[in-house]
Protein chains: 2
Amino acid sequence: MITGKNYIGNVLASTGKTTFKTFNPQTNTENNTIYTEVSDVEIQKAVELATEAYKVFKDVSGIKKSEFLNKIADEIEALGDELIKTYCSETGLPKSRALGERGRTIFQLRSFANLVKEGSWVEATIDTAQPDRQPIPKVDIRKMMLPLGTVVVFGASNFPLAYSTAGGDTAAAFAAGCPVIIKSHPMHAGTGELVASAIIKAASKTGMPNGVFSNLNSSGIEVGIKLVQHPQVKAVGFTGSIRGGRALYNMAAQRPEPIPVFAEMGSVNPVVILPNAAKNKGADWAKTYAGSITLGSGQFCTNPGLILGLKGDDLTNFIHVLSEEIVKIEPTCMLHPNIIGAYESNKTKMQEQQGLKIIATLNKDVANNYGRQIITTVEGVTFLKNTTLHQEVFGPFSMVVQCENTAQLEEIISNLEGQLTGTILAGNNELENFSTIVDALQNRVGRIIYNGVPTGVEVCQAMVHGGPYPASTDSRFTAVGINSIKRWVRPFSFQSWPNELLPNALKNENPLGISRVIDGKTTTDSV
Amino acid sequence: MITGKNYIGNVLASTGKTTFKTFNPQTNTENNTIYTEVSDVEIQKAVELATEAYKVFKDVSGIKKSEFLNKIADEIEALGDELIKTYCSETGLPKSRALGERGRTIFQLRSFANLVKEGSWVEATIDTAQPDRQPIPKVDIRKMMLPLGTVVVFGASNFPLAYSTAGGDTAAAFAAGCPVIIKSHPMHAGTGELVASAIIKAASKTGMPNGVFSNLNSSGIEVGIKLVQHPQVKAVGFTGSIRGGRALYNMAAQRPEPIPVFAEMGSVNPVVILPNAAKNKGADWAKTYAGSITLGSGQFCTNPGLILGLKGDDLTNFIHVLSEEIVKIEPTCMLHPNIIGAYESNKTKMQEQQGLKIIATLNKDVANNYGRQIITTVEGVTFLKNTTLHQEVFGPFSMVVQCENTAQLEEIISNLEGQLTGTILAGNNELENFSTIVDALQNRVGRIIYNGVPTGVEVCQAMVHGGPYPASTDSRFTAVGINSIKRWVRPFSFQSWPNELLPNALKNENPLGISRVIDGKTTTDSV
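Cut-offs applied
Once a new chain begins, its residue numbering starts again from 1 and follows that chain's sequence as written. Following the order in which they are written, the chains are lettered starting with A and the ligands numbered starting with 1. In view of the model being predicted, local features appear only for residues whose pLDDT reaches at least 70, and side-chain atom pairs are presented and counted only at 80 or more, with totals across whole chains, interfaces and linings using the full set of residues. For helices the rule is a DSSP run of H or I covering at least 4 residues; for strands it is a run of E covering at least 2, with both sets numbered from the N terminus onward. Radius of gyration: over C-alpha atoms. The globule rule applied is 2.2 Å multiplied by the number of residues raised to the 0.38 power. Exposure criterion: with C-beta atoms placed from backbone coordinates, a residue whose C-beta has 20 or more other C-beta atoms within 10 Å is buried, one with 12 or fewer is exposed, and one in between is partly exposed. Remark: residues whose backbone-derived C-beta atoms lie within 7 Å of one another are considered to be in contact. Polar here means any residue outside two lists: the nonpolar Ala, Val, Leu, Ile, Met, Phe, Trp, Tyr, Cys and Pro, and the charged Asp, Glu, Lys and Arg; Gly therefore counts as polar. We call two strands paired when DSSP finds no fewer than two bridges between them. The definition of a right-handed crossover adopted here requires that, viewed with the strands pointing away, the path from the first strand over the helix to the second runs clockwise. When the copies are superposed, the least-squares fit draws on C-alpha atoms of residues that have pLDDT of at least 70 in both. Where each domain begins and ends follows an automated or database-derived domain assignment. Axes, fitted as lines to C-alpha atoms, cover a helix only where it is in contact. Angles between the N-to-C directions of the axes lie from 0 to 180 degrees. Should an angle fall under 35 degrees it is called roughly parallel, over 145 degrees roughly antiparallel, and 65 to 115 degrees roughly perpendicular, with every other angle called oblique. If you view the pair so one helix is near and one far, a crossing is left-handed when the near helix is turned anticlockwise from the far one by less than a right angle, and right-handed when it is turned clockwise. pLDDT measures how confident the predictor is about each residue, on a scale from 0 to 100. Expected helix span is computed as 1.5 Å times (number of residues minus one). Starting at the helix axis, one direction is taken to each C-beta atom, and the arc is that of these directions.

### What to know about the overall build of chain A
Each helix and strand in chain A was counted, giving 14 helices and 23 strands. In summary, chain A has a C-alpha radius of gyration of 25 Å against a globular reference of 24 Å for 527 residues, a match within 12%. Here the C-alpha coordinates of chain A stretch approximately 75 × 65 × 40 Å along the principal axes. Per-residue burial over chain A gives 58% buried out of 527 residues. Pairs at least 24 apart in sequence give 75% of the contacts found in chain A among residues at least 6 apart.

Have a look at this one:
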């Protein structure tokens, strides 16, 4: 079933010369299938097909788009065990995680299907004419959201389903009316091809134009660069490292026509443990956080990599229990050789920083591709002086910063880079006494959590997954939830346009029955 | 009343060494007042004050912000004749335009005041907890929009009131809760200082924190560069040339922490005259367009600089009448020496292009700072080959492109850069036969107009003023209308946050009585 080829529109192609294989972290060996990296001719063809497809797809009705999205979900389900097995063989993640992520992916697709079927998401806004207005007549203006054009989505190594081929970026782009070209992640190219086949089938079965989707294999950075620089590509979605995301952002900004790049990148997700929380529930939180830090071998963008507390016996106890608990956890293999390699070298770099102390590390023989958890600690003043200590170590790593006082804690928070999340652990009625801490943290993050863990990103409309740079390249958008569709659309106005030629969303009669703003009032009435 | 000094917060300061004067185009001489360019120390102080002010201003209630915005409008009105006289002496524009633009500016301020007083603009979204959900409980998540931080706004030379000191960018930023630092336009520094004094008074009278506003004089590009590169500046609004806007965009993108720049830049605003429109109403349209092209000496960003038609007798007649009509119009002085200089050199550059014919030019002695209108024409094939012909000539200039056929017309439209507007002039029931033309045009513009002129940008919620690059640097936002507030805000989530510590917009009780989305349903109910 997996061919190792690229989908250039609905055609499987492999004219390229470069090949590569994926890697099975469970067996610590390469998988058998040979993947052919997409050729320049194929890239060009995929973009041309997408450009043509856009002309049709942009006007496809919400109902038809919802059929397409739901059919993708059906076809992914129909892949059955082959998908789950391939997923596990390319990630080393357990079957339960594969099933959970598949469920999340399907939920996302169906959420967007519901959104576009209902249709009000286009933000239809109508200001009617006032021909008698003085001193000049008012013209009729009607606005709605239109798709930007072809979107390139980069597969994410840590979410082969939910943030990759048919993940959130893709679902949102299809819902918006944008064709999608996937730069498949090389380490789960098989999972990617299977999901791609589901999308291709769904597109065919629901009558979507050829070119609405392509899936490109690539083992290096060249394919991504060519896509981001292609004049017919209009937006980019990326989830991954700061280095990778920033490089794409820079490239897109330097184009003759700059395009938006929504890159969801690194984050250390600071957790502040306030005095009463440390005093009264320190041990409980320590146990909870031992789990959160090591969840999925720490390979979540919301992994708590930084814990900030006020120096003293209670924090010492918290650290003590955290150290005891974390070494009890069985380590697991990491996603692929690059990830484990980066984890090890980033850990080493951290350990070389003056003033950093290791307080817990796994004292046990495990395979060399297993993520060995580690807890470190550092004084607040040391942390403030050395921004290397602020950087993410992607994996089961966390650092406890022992602050001298609240002022130093606030200063540290204010000096952090932008983050996806910030968490505050507080005792009863304690939070209100730390409003400057809350304000400082709010200013640095996209989501703030009270007495919980940052891992676990609920897919819902109120979720913000994004944040000040470098959590994301544009904090004005979220990558999770139905509002993430806003990344791929632009508002467009029709002035004095004939009613019968307007899109249905803007016609007087409101044939879609959607909620619209007419002369400032929200209504489902006709004009 | 005008001091020539900078407002660094509420303090007038002039420690800088560089001075400059504004220019009166009516008398073709410099005005008397000496303006002192802001010093580096003053820039730093303005940014520090804004950073401190943000901590308070971000949480100021919608009602208090609306008082501030309405008071700014009141104080601008209270400036009375001095403002109008200064405006005219710095622009050469007639009193009627000054009054009209003041009215527009006040309308914008009051529109944003109404928006924030009502309060639903924050897009409050609540997903309630489901503690019993399987396999894992659902947490309570609540989202709303928060201000980005300090916004720098560049005064626009062609709109000293509506797109400058207290113009749309500033009003939107204040409404969002962002402090504003103005890089005043040097050619209307007096108008700028007067309006700044009105803002400072309004801020004081309504209890806004010092630093919520500063007004910086500058005659060159250095001040703007320092502001855009300052780490505490979080967003930029600009209206002006492509060269200027792109330079700021590049600078912002290259910062360690990139920030959004919304630059509304050049546009030639293509107008397509379809065969029946040329045949049946060609002379009428020619008269209308002679007026639109020369309105305000062509110094509008929506000026129709490009007219596309199908070669033949009807288009020839249209050109003939347009040529006759345009020379009847009395030219007026242009805004300032740089504008007239650029207009003359851009005209000359166009006239040097092979294949361009001048078909109407003013044959009359006028002062050398008057914008002499000119109409040119070129064959479609010539236009396609030479992108210099696609560039904007800011002033009373337009070019009629004579296309061989509909296919060439479509190709030309598809090859245009992004535009603020596109217009189609059509006969009865003619538009439906040109759907590929409409599609192509829609793809290149932010607003499409049927049987009208692009000049005249209605300030209303359905307006899109923006468009694909280079019309603007980010087509996903509009610079006009209340939705322009979205440029300066980001979504933010609170997870499991104590109800009493949530912002009012997200509290269970809905104390603001705003419209919110609770578990997917829009309602004003409490949770």
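### Looking at the interface of chain A and chain B
Each partner contributes residues to the interface: chain A has 50 residues there, and chain B has 50 residues. Elements represented by at least two residues in the side of chain A that touches chain B include exactly β7 (125-127), β8 (141-147), α8 (242-254), β20 (445-450) and β21 (489-495) of chain A. Looking at which element gives the most residues to the side of chain A that touches chain B, the answer is β21(A), with seven residues. Broken down by class, the residue content of the side of chain A that touches chain B amounts to 24 nonpolar, 13 polar and 13 charged.

### A few points about the pairing of strand β18 (residues 397-403) of chain B
All names here are of chain B. Extensive coverage of β18 is indicated by the burial of seven of its seven residues. Burial of β18 is two-sided: the residues F397, M399, V401 and C403 facing one way and the residues S398, V400 and Q402 facing the other way are all buried. Pairing analysis gives five bridges linking strand β15 (residues 306-310) to β18, with the strands arranged parallel. Directly across from L310, in β18, lies its bridge partner C403. Taken together, strand β17 (residues 374-379), helix α12 (residues 380-385) and β18 constitute a β-α-β crossover, and its handedness is right-handed.

### A short note on unusual backbone geometry
For the bond from A:Q134 to A:P135, the omega torsion is 0°, close enough to zero to count as cis. Assignment of secondary structure puts A:P135 in the loop between β7 and β8. For the peptide bond that leads from B:Y469 to B:P470, omega is 5°, which places it in the cis range. With respect to the element layout, B:P470 can be found in the loop between β20 (445-450) and β21 (489-495).

### Digging into the relation of the copies chain A and chain B
Least-squares fitting of chain A to chain B yields an RMSD of 0.0 Å, with the superposition described by an axial translation of 0.0 Å and a rotation of 180°. Such a combination of rotation and displacement between the chain copies is what one expects of a two-fold axis. Every residue of chain A has its C-alpha some distance from the rotation axis, and the shortest such distance is that of A:A253, at 3.3 Å. Comparing interface residues between copies, 100% of those in chain A also lie at the interface in chain B; the contact surface is shared.

### With respect to the domain arrangement of chain A
A common way to express how large an interface is: the accessible area buried when the components associate. Residue and element names in this part refer to chain A. Entries for chain A in the domain assignment read domain 1 (6-265 + 478-487) and domain 2 (270-450). For domain 1 and domain 2, the distance between their C-alpha centroids amounts to 33 Å. With eleven residues of domain 1 in contact, the opposing surface of domain 2 contributes twelve residues.

### Comments concerning the packing of helix α13 (residues 406-414) of chain B against helix α14 (residues 435-442) of chain B
The axes of two packed helices give the description: the angle between them and the distance between them. Residues and elements named next belong to chain B. Between α13 and α14, the shortest axis-to-axis distance is 8 Å and the interhelical angle comes to 10°. On the basis of their axis angle, the class for α13 and α14 is roughly parallel. On the side of α13, the interface is formed by T406, L409, E410, I413 and S414, while α14 contributes T436, I437, A440 and L441. Classifying every residue of the contact of α13 with α14 by side-chain character gives five nonpolar, three polar and one charged.

### A word on the sheet that holds β8(A)
Pairing in this open sheet of twelve strands is mixed, and the strands run β23(A)-β22(A)-β7(A)-β8(A)-β21(A)-β20(B)-β19(B)-β14(B)-β15(B)-β18(B)-β17(B)-β16(B) from one edge to the other. This sheet does not close on itself; its edge strands, each paired only once, are β23 (521-523) of chain A together with β16 (357-361) of chain B. Taking the axes of each pair of neighbouring strands and ignoring which way they run, one obtains an average angle of 25° across the sheet. Sitting on the sheet, α13(B) touches β15 and β18 of chain B, and the angle it makes with β18(B) is about 140°.

### Notes on the environment of A:G466
Residue and element names in this part refer to chain A. Locating G466 in the fold gives a position in the loop between β20 and β21. G466 sits 84 residues away from T382 along the chain, and the two C-alpha atoms are 28 Å apart. Not counting residues within four places of it along the chain, the set of residues in contact with G466 comprises E264, G446, A471, S472, S475, F477, T478 and A479.

### Some words on the environment of B:R97
Residue and element names in this part refer to chain B. Along the polypeptide, R97 turns up in helix α4 (residues 95-118). The exposure class of R97 is partly exposed, given the 17 C-beta atoms found within 10 Å. Separated by ten residues in sequence, R97 and Y87 have C-alpha atoms that sit 9.6 Å apart.

### Considering the sheet that holds strand β19 (residues 419-425) of chain A
Overall, mixed pairing links the twelve strands, which are arranged β16(A)-β17(A)-β18(A)-β15(A)-β14(A)-β19(A)-β20(A)-β21(B)-β8(B)-β7(B)-β22(B)-β23(B) in an open sheet. For this open sheet the edge positions go to β16 (357-361) of chain A together with β23 (521-523) of chain B, each flanked by a neighbour on one side alone. Strand-to-strand twist of the sheet, defined as the mean angle between neighbouring strand axes without regard to direction, takes the value 25°. Where strand β7 (residues 125-127) of chain B and strand β22 (residues 516-518) of chain B come together, two bridges link them in parallel fashion.

### Observations concerning the packing of α4(B) against helix α5 (residues 168-176) of chain B
Residue and element names in this part refer to chain B. Between α4 and α5, the shortest axis-to-axis distance is 9 Å and the interhelical angle comes to 20°. Comparing their axes, α5 and α4 come out roughly parallel. For the pair α4 and α5, the sense of crossing is right-handed. Residue-level inspection shows Q108, L109, F112, L115 and V116 of α4 in contact with α5, the latter providing G168, A171, A172 and A175. In terms of residue class, the contact of α4 with α5 is made up of seven nonpolar, two polar and no charged.

### A look at the confidence of the model for chain A
Residues of chain A with pLDDT of at least 70 account for 100%, and the chain-wide mean is 97. Across the assembled chains, the prediction reports ipTM 0.97 with pTM 0.97.

### Observations concerning the environment of A:Q44
Among the structural elements, A:Q44 can be located in helix α1 (residues 40-57). Residues A:Q44 and A:H230, 186 residues apart in the sequence, show an inter-C-alpha distance of 8.6 Å.

### Details of helix α3 (residues 80-91) of chain A
Residues and elements named next belong to chain A. The end-to-end C-alpha separation of α3 is 17 Å, in line with the 16 Å expected for twelve residues at 1.5 Å each. Where α3 is concerned, the buried positions are L83, T86, Y87, S89, E90 and T91. Where α3 ends, the next residue or the one after it, G92, has phi of about 75°, a positive value.

### What about helix α10 (residues 313-326) of chain B?
Residue and element names in this part refer to chain B. The terminal C-alpha atoms of α10 lie 20 Å apart, and with 14 residues this matches the ideal 20 Å at 1.5 Å per residue to within 8%. Considered for burial, the residues of α10 that qualify are L315, F318, I319, L322, E325 and I326. Along the axis of α10, the buried positions cluster into a sector of 135°, meaning they face one direction only.

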